[in-house]
Every structure is written in C-alpha cells, then in structure tokens.
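A closer look at the structure
Listed below are the residues making up each chain.
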Amino acid sequence: MAEKRSDRSFSLHGTALVTGASSGLGRHYAEFLARAGMDLILVARRGEELQELAAEVLQRHGRTATVLPTDLTDRAARQALPTAIADQGLTVDVLINNAGFGTQGNFADMDPDRIIREIELNCVALTDLARQFLPPMLARGYGAIVNVASTAGFQPWPTMSVYGASKAYVRSFSQALWSETRDTGVRVLSVCPGPTDTEWMANTGSPGMLPNRRSTEQVVQSTFRALNRDAMEVVDGPMNRITSIAASVVPTRVVLPIARLWAKG
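Predicted, not measured: the structure shown is a model, and the values here were computed from it.

One finds Tyr 29, Leu 33, Leu 40, Leu 42 and Phe 224 to be the most contacted residues of the largest nonpolar core, which totals 36 residues. In this structure, Leu 33 is in contact with Leu 12, Ala 16, Val 18, Met 38, Leu 40, Ile 96 and Phe 224, ignoring residues within four places of it in sequence. If you look at the next biggest cluster of nonpolar residues, it comprises 31 residues, including Ile 41, Val 92, Ala 130 and Ala 247.

Following the sequence through the fold, Ser 222 ends up in helix H8 (residues 216–228). Residue Ser 222 is classed as buried on the basis of its relative accessible area of 6%.

Along its 12 residues, helix H1 (residues 24–35) runs 17 Å from first to last C-alpha, staying within 8% of the 16 Å computed at 1.5 Å per residue. Taken across its 12 residues, H1 has 10 buried, putting it largely inside the fold. If you check which residues of H1 are buried, you get Gly 24, Leu 25, Gly 26, Arg 27, Tyr 29, Ala 30, Glu 31, Phe 32, Leu 33 and Ala 34. Once H1 finishes, Gly 37 follows within two positions and takes phi at roughly 100 degrees, a positive value.

Looking now at the pattern of salt bridges. Where side chains of opposite charge bring their charged atoms close, a pairing between them can arise. A complete count under the given rule lists 11 salt bridges for this structure. Across the pair Arg 35 and Glu 217 runs a salt bridge whose closest N-O atoms are separated by 3.6 Å. Of this pair, Arg 35 sits in helix H1 while Glu 217 sits in helix H8; the two residues are 182 residues apart in sequence, bridging distant segments of the chain. The class of Arg 35 is partly exposed, set by a relative accessible area of 44%. Judged by its relative accessible area of 29%, Glu 217 is partly exposed. Its salt-bridge partner being Arg 117, residue Asp 113 comes within 3.1 Å of it at the nearest N-O pair. Within this pair, Asp 113 and its partner Arg 117 are both found in helix H5 (residues 112–140), separated by 4 residues, close to a single helical turn. For Asp 113, a relative accessible area of 46% translates into the label partly exposed. Arg 117 sits in the partly exposed class, given a relative accessible area of 29%. One connected set of salt bridges, linked through shared partners, spans Arg 75, Arg 78, Glu 120 and Asp 128.

Criteria and cut-off values
Residues numbered from 1 in each chain as written. Predicted model: local features only at pLDDT ≥ 70, side-chain atom pairs only at ≥ 80, totals over all residues. Heavy atoms only, no water. Core = buried A, V, L, I, M, F, W, Y, C linked by side-chain atoms within 4.5 Å. Buried < 20%, exposed > 50% of the residue type's maximum accessible area, 1.4 Å probe, protein only. Contact = heavy atoms within 4.5 Å. Helix = DSSP H or I, 4+ residues; strand = E, 2+ residues; numbered from the N terminus. Expected span 1.5 Å × (residues − 1). Salt bridge = Lys/Arg side-chain N within 4 Å of Asp/Glu carboxyl O.

Put into structure tokens, the structure is as follows:
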C-alpha cells in the first residue's frame, strides 16, 4: 500500500533548473515553468539553443533564464554547477532531471563509449544532481525534484537494453526518494512517458521506431498535475498506463518478445 502524503497543492515559485532544456521535453518543461512564474536555469550541451530559449522566455513571459551550457556526462563540469549557480545568486527550488538518451540495437553491437555515456547521463548525472540540490531544499522545507524515467523502465527491453535498465533505475530511485521526503515540504516525482514526439527518437539511431507518439505538451501537463497531487509516479497517457500495468503482471518471458516487436515499431 502506498504511503499517504499531504493532498495540498504544490505552489510553483522561485527558480527551476531544467536539464536537457535545448529541445523536446526539456524545452517544454522550461516554457511551462516560465508561464507559471518561475525563473529558470537552463542546462544542456547546446548553448546557442539555450540562449534562444532564454530570449523567448524573457520576451513571452518576462522571466529570467540563466544559461549554463554543460556536458552532464562530464563529472567535473557537472559538479561545478552548484558553484556556478550560487555565483549568480540563485537557488534551485525545482529540479527537472530531464536530460537523457537511448541507443537502439543489439547490445553486443553497441558502441562501448556510447553505452557508458548513456549510463552516465541517464543514471549517474541524475543521481548526482539530486544529491547536490536535495539537501538545500530540505533545509528550506520547500522544493521539488522531477526525474524523467520512461515506460521502458517497467520491463526489460530487447534492442534498447541499456536504456530500459537505466529508466528502471530512475523509477526505483525516485520512489525511494519520494518516501524519504515525506512531510518535509519537498516533493519527488518519477515521470514515465511512453513514445513522445521529440528528437529523442532520432538520437537513438532509429528515428522511425515507435510511431504512435504523445505530444510533449501532454507529457508536461501530466507531470504537473501529478506533482500538484503529490503523486509518487505518473505514466502519461491511457494506453501507456495500460501497457505499464500489464508489464508488471505478465510473465517476463511473455513480455520480452512483445517488447522487442514494439521497439521495432
């Protein structure tokens, strides 16, 4: 049985750090938060795209967006973020751990360096940033961490083995933090999108896979409805919720060939 939490709504204010903010879900998270009245810290590798987004946020919503181009797979660069943020006189009130990528293909054929970078970004960077920014949130008694997982984290995923395993980690980690932060004023949410219309598909190396996709706006709206009710996890979209539930009750030997066919689209 899930632990009971406060049913009070969550007020968005202060400054939000969004990783992977240069495109896709990250960009839409940033735009939503700016509309809600938050200032932003935008993090991704592509500085030019971040600068364009910062200008749009200021023009459309009158909110300040601080741009910090960072390769989050670089541990030294990642661990320098809190100092860079503090030097700007900023405090992270909401952390959107969105940055991540996947690789499609048989594991034995994957680029070994890409595998390590995938785990570093999807798991290590997400954990590192949560550890850096959660303690100050707890000290203030206010904050939120949104970790973007995936419906791929509900079952093993042949031909996307590393990605599925990394998102299973994100789900488990987030659920544990949700419990640890009970009655602290800090909320933790695991977001599990299914196929979504972003650049992510192209970055897997198989842009045509999983053609029936949800929009980024639908995922973002699902996220903040769930955060507002202090949910532990949200699966975006009715069909994705059904398949996620099925994956948890159907024997793995049955799920594996289905997941493999689904990944091929």
